[in-house]
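Spelled out, the chains give:
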Amino acid sequence: MAPITFSPPYTSVEHAAQALRDTGYAVLDAQSVARWMGVDSDEWALLAADWADLPPDEYLKDGGRYRRRRHACFVSDAGQLRQVPHRAHWQPLEYNALHGGMQRWFAPMREATVASAAWQRLLQRLAEVSDAVFAPAGPRPSWYMEAHQFRIDTTDGIGRPTPEGAHRDGVDLVAVFLVGREGVKGGETRIFEAAGPSGQRFTLTEPWSVLLLDDARMIHETTPIQPAAPGGCRDTLVVTCRREGFQGDAA
């Protein structure tokens, strides 16, 4: 029996902020993201090339070898973006029962990537939508932004995009971009109300489509992937925005 898949509930760029306010999430297709970010296909291709050379994630507590990643941190202050010195990624156990409470030093993102105009615009647009949703009537806050490049592969059979299960991240905005998927089945995105019964399930398939989440209101996870062809993998970019400093600053 063929697996059942559901199409993403896409909304327009113009309605993304309102959808986040109304429902806690918004999903944009690839064409809408390209228009929103002002990024063309050549610029996306240059960014996506990074995913072919991500180093292994050495912190997986389930013993898996299916995840590769890079990490970088930024601050957007009144529309001015700057990268901060490389730092550990830290989450409390409250938000990550599997890997919380530990400092995880991942390989940094490449200098050429974070210096590219496409990357700068991507972060600026996410800071702008964060302003619109989380600080619509007040002064623009500083946004503490963490970026994670992930590749989940199926070399050992099963790859787990979210080994910690359904979770929140302890931030304001979560953006999950599908960079690409090839030779895999599974990888269904599931989002649920943190304080209610409603949820959605769908599969992102378009490179550079994106799921935007109000992290305080929504729990999310992605189901495991299995190989449909040799070398199957799923690539994502996750960017989080938080108002009160980076998690771990006071830990």
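Cut-offs and rules
Residues numbered from 1 in each chain as written. Predicted model: local features only at pLDDT ≥ 70, side-chain atom pairs only at ≥ 80, totals over all residues. Heavy atoms only, no water. 1 Å grid on protein atoms, 1.4 Å probe; cavity = no way out; pocket = protein on both sides within 12 Å on 5 of 7 lines; lining within 4 Å. Points joined across faces, edges and corners; volume = space filled by probe spheres on them. Nonpolar A, V, L, I, M, F, W, Y, C, P; charged D, E, K, R; others polar. Helix = DSSP H or I, 4+ residues; strand = E, 2+ residues; numbered from the N terminus. Buried < 20%, exposed > 50% of the residue type's maximum accessible area, 1.4 Å probe, protein only. Lys, Arg positive; Asp, Glu negative; His and termini not counted. Salt bridge = Lys/Arg side-chain N within 4 Å of Asp/Glu carboxyl O. Polar contact = N/O pair within 3.5 Å; in protein donor to acceptor, adjacent residues only side chain to side chain. Contact = heavy atoms within 4.5 Å. Phe/Tyr/Trp six-rings, centres within 6.5 Å; stacked < 30°, edge-to-face > 60°. Lys NZ or Arg CZ within 6 Å of the ring centre and 35° of its normal. Core = buried A, V, L, I, M, F, W, Y, C linked by side-chain atoms within 4.5 Å. Pairing = 2+ DSSP bridges. Axes fitted to C-alpha atoms, helices over the stretch in contact; angles between N-to-C directions.

Explain the layout of surface pockets here, please?
Empty space among the atoms can be located by rolling a probe the size of a water molecule over them. Of the volumes computed, that of the largest pocket is approximately 200 Å³. What lines the largest pocket is a set of 15 residues, and nearest its centre among them are Tyr95, Gly170, Val171, Arg242 and Glu244. Here the lining of the largest pocket is composed, by residue class, of 5 nonpolar, 3 polar and 7 charged.

Can you help me understand the side chain of Arg70 in this one?
The topology assignment puts Arg70 in strand β2 (residues 67-77). Of the side chains with opposite charge, Asp53 lies nearest to the buried Arg70, which makes no salt bridge, at 4.2 Å. Within the local environment of Arg70, its side chain forms a polar contact with the backbone oxygen of Pro108, the two atoms lying 2.9 Å apart. Residue contacts for Arg70: discarding those within four places in its chain leaves Asp53, Leu54, Pro55, Ala107, Pro108, Met109, Arg110, Ala147, His148 and Gln149.

Is there a simple way to think about the side chain of Glu221 in this case?
Within the fold, Glu221 resides in strand β10 (residues 218-222). Sequence-distant contacts of Glu221, defined by excluding residues within four places in its chain, comprise Thr162, Gly165, Ala166, Glu188, Thr189, Arg190 and Phe192.

Would you mind showing me how to read the packing of aromatic side chains here?
Given two aromatic rings, one states the distance between the centres and the angle between the planes to describe the pair. Across all of its chains, the model carries 7 aromatic pairs by this definition. Consider the rings of Trp44 and Trp208, whose centres lie 4.1 Å apart with planes at 10 degrees: the pair is stacked. You can see Trp44 sitting in helix α3 (residues 41-48) and its partner Trp208 sitting in the loop between β8 (199-202) and β9 (209-214), a full 164 residues away along the chain. The same class applies to Trp44 and to Trp208, which are both buried. A connected cluster of aromatic rings, assembled from ring pairs, spans Trp44, Trp51, Phe177 and Trp208. For the cation-ring pair, Arg69 lies above Phe106, with the distance from its terminal atom to the ring centre recorded as 3.8 Å.

Any chance you could explain the nonpolar core here in plain terms?
Nonpolar side chains tend to gather and get buried jointly when the protein is soluble and globular. Ranked by internal contacts, the top residues of the largest apolar core, which has 42 residues, are Trp119, Leu122, Leu126 and Phe177. Counting residues per element, this core draws most heavily on helix α5 (residues 117-134), at 9 residues. Once residues within four sequence positions are removed from consideration, Trp119 is found in contact with Leu47, Phe74, Met109, Thr113, Val114, Ala147 and Leu237. Within the second largest apolar cluster, 14 residues are counted, among which are Phe150, Leu204, Leu211 and Met218.

What exactly am I supposed to notice about the sheet that holds β2 here?
Working definition: the strands of a sheet are paired by backbone hydrogen bonds and lie parallel or antiparallel to each other. If you trace the 7 strands from one edge of the open sheet to the other, you get β1-β9-β5-β12-β4-β2-β3, paired in antiparallel fashion. Single-partner strands in this sheet number two, and they are β1 (25-28) and β3 (80-83). Put simply, the sheet's adjacent strands are angled 20 degrees from each other on average, direction ignored. By the bridge criterion, 4 bridges tie β2 to β3 in an arrangement that is antiparallel. Residue pairing in the sheet places Phe74 in a bridge with Gln83 of β3. Sheet contacts for helix α1 (residues 16-23): β1, β5 (173-182) and β9; angle to β1, the most-contacted strand, approximately 145 degrees.

I tried to follow the pairing of β8 on my own but got confused; where do I start?
The side chains of a regular strand alternate between the sheet's two faces. Of the pairings in the sheet, the one linking strand β7 (residues 189-193) to β8 comprises 4 bridges and is antiparallel in character. Paired with Arg190 across the strands is Arg201, a residue of β8. Counted between consecutive antiparallel strands, the loop separating β7 from β8 contains 5 residues.

Can you help me understand empty space enclosed by the protein in this one?
The final tally for this structure, using the stated rule, is 1 cavity of 30 Å³ or more. For the largest cavity, the calculated volume is near 420 Å³. Lining the largest cavity we find 29 residues, and of these Phe150, Thr162, Glu164, His167 and Val238 sit closest to its centre. Elements with a contribution of two residues or more to the lining of the largest cavity: β2, β4 (142-153), β5, β10 and β12 (233-242).

I keep staring at the pairing of β5 and nothing clicks. Help me out?
Extensive coverage of β5 is indicated by the burial of 8 of its 10 residues. Pairing of β5 with β12 involves 9 bridges; the strand directions are antiparallel. Across the sheet, Gly180 pairs through a bridge with Asp235, a residue of β12.

I tried to follow the environment of Arg21 on my own but got confused; where do I start?
The topology assignment puts Arg21 in helix α1. The spacing of Arg21 and Ser32 is 11 residues in sequence and 19 Å in space, taken between C-alpha atoms. With residues near it in sequence (within four places) discarded, Arg21 still touches Ala132, Val133 and Arg217.

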